[in-house]
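Structural features, examined
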Amino acid sequence: GKIRLLELIQELGSISAAGRAMGMSYRRAWLLVDSLNRAFRKPVVRTQVGGSRGGGAELTAFGREVIDHYRDMEAEAQAAVDRHLRALESALSGRPPGR
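What you see is a predicted model; the values in this text were computed from it and never measured.

**Some thoughts on the nonpolar core**
Leu5, Leu6, Ile9, Val44 and Val45 are the most contacted members of the largest nonpolar core, which has 19 residues in total. Those elements that provide at least two residues to this core are α1 (2–12), α2 (15–21), α3 (26–39), β2 (56–59) and α4 (61–90). Val44 has contacts with Leu6, Leu36, Asn37, Glu58, Leu59, Thr60, Phe62, Gly63 and Val66, leaving out every residue within four places of it along the chain.

So this is what it looks like as structure tokens:
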């Protein structure tokens, strides 16, 4: 969920809008962003307080790297298990479970 939240912040330019898009409160979204910013040596999201421009949030260059690394790992993991999943799926009997 954290990576998707980052992707939505990048797309929407707002923590609150990203949280709403995921069905979570602003507080929950902000706590997730804060935990990510604290977990890494560099921030992943930069916020701007309201004012004439209305505030907002943006991913840092490092935040975009975090997303890229995560999505690459996800794709590599999926590729690593695809052959095994296909083998197990082909071995299914086609009967509903429990029969």
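There is more to say after this.
**Brief notes about a nonpolar patch on the surface**
Among the surface-exposed residues, Tyr26, Trp30 and Leu31 lie close enough to one another that they form a single nonpolar patch of about 290 Å² accessible area. Positionally, Tyr26 belongs in helix α3.

**Structural notes on the packing of α1 against α4**
One can describe the packing of α1 onto α4 by two numbers: an axis separation of 10 Å at closest approach and a directional angle of 135°. Taken as axis vectors, α1 and α4 run oblique relative to one another. For the crossing formed where α1 meets α4, the hand is left-handed. Seen from α1, the contacting residues are Ile3, Arg4, Leu6, Glu7 and Gln10; seen from α4, they are Arg64, Val66, Ile67, Tyr70 and Arg71. Its residues assigned to classes, the contact of α1 with α4 comprises five nonpolar, one polar and four charged.

**Observations regarding a negative patch on the surface**
Together, Glu65, Asp68, Asp72 and Glu76 give the surface a local cluster of negative charge. Inspection of the secondary structure assignment puts Asp68 in helix α4. A relative accessible area of 49% places Asp68 in the partly exposed class.

Calculation criteria
Residues numbered from 1 in each chain as written. Predicted model: local features only at pLDDT ≥ 70, side-chain atom pairs only at ≥ 80, totals over all residues. Heavy atoms only, no water. Core = buried A, V, L, I, M, F, W, Y, C linked by side-chain atoms within 4.5 Å. Buried < 20%, exposed > 50% of the residue type's maximum accessible area, 1.4 Å probe, protein only. Helix = DSSP H or I, 4+ residues; strand = E, 2+ residues; numbered from the N terminus. Contact = heavy atoms within 4.5 Å. Patch = residues over 30% accessible without salt bridge, like charges linked within 9 Å, V, L, I, M, F, W, Y side chains within 5 Å. Areas by Shrake-Rupley, 256 points an atom, 1.4 Å probe, with all protein chains shown as cover. Salt bridge = Lys/Arg side-chain N within 4 Å of Asp/Glu carboxyl O. Axes fitted to C-alpha atoms, helices over the stretch in contact; angles between N-to-C directions. Parallel < 35°, antiparallel > 145°, perpendicular 65-115°, else oblique. Left-handed = near helix turned anticlockwise from the far one by under 90°. Nonpolar A, V, L, I, M, F, W, Y, C, P; charged D, E, K, R; others polar. Lys, Arg positive; Asp, Glu negative; His and termini not counted. Charge placed at Lys NZ, Arg CZ, Asp CG, Glu CD.

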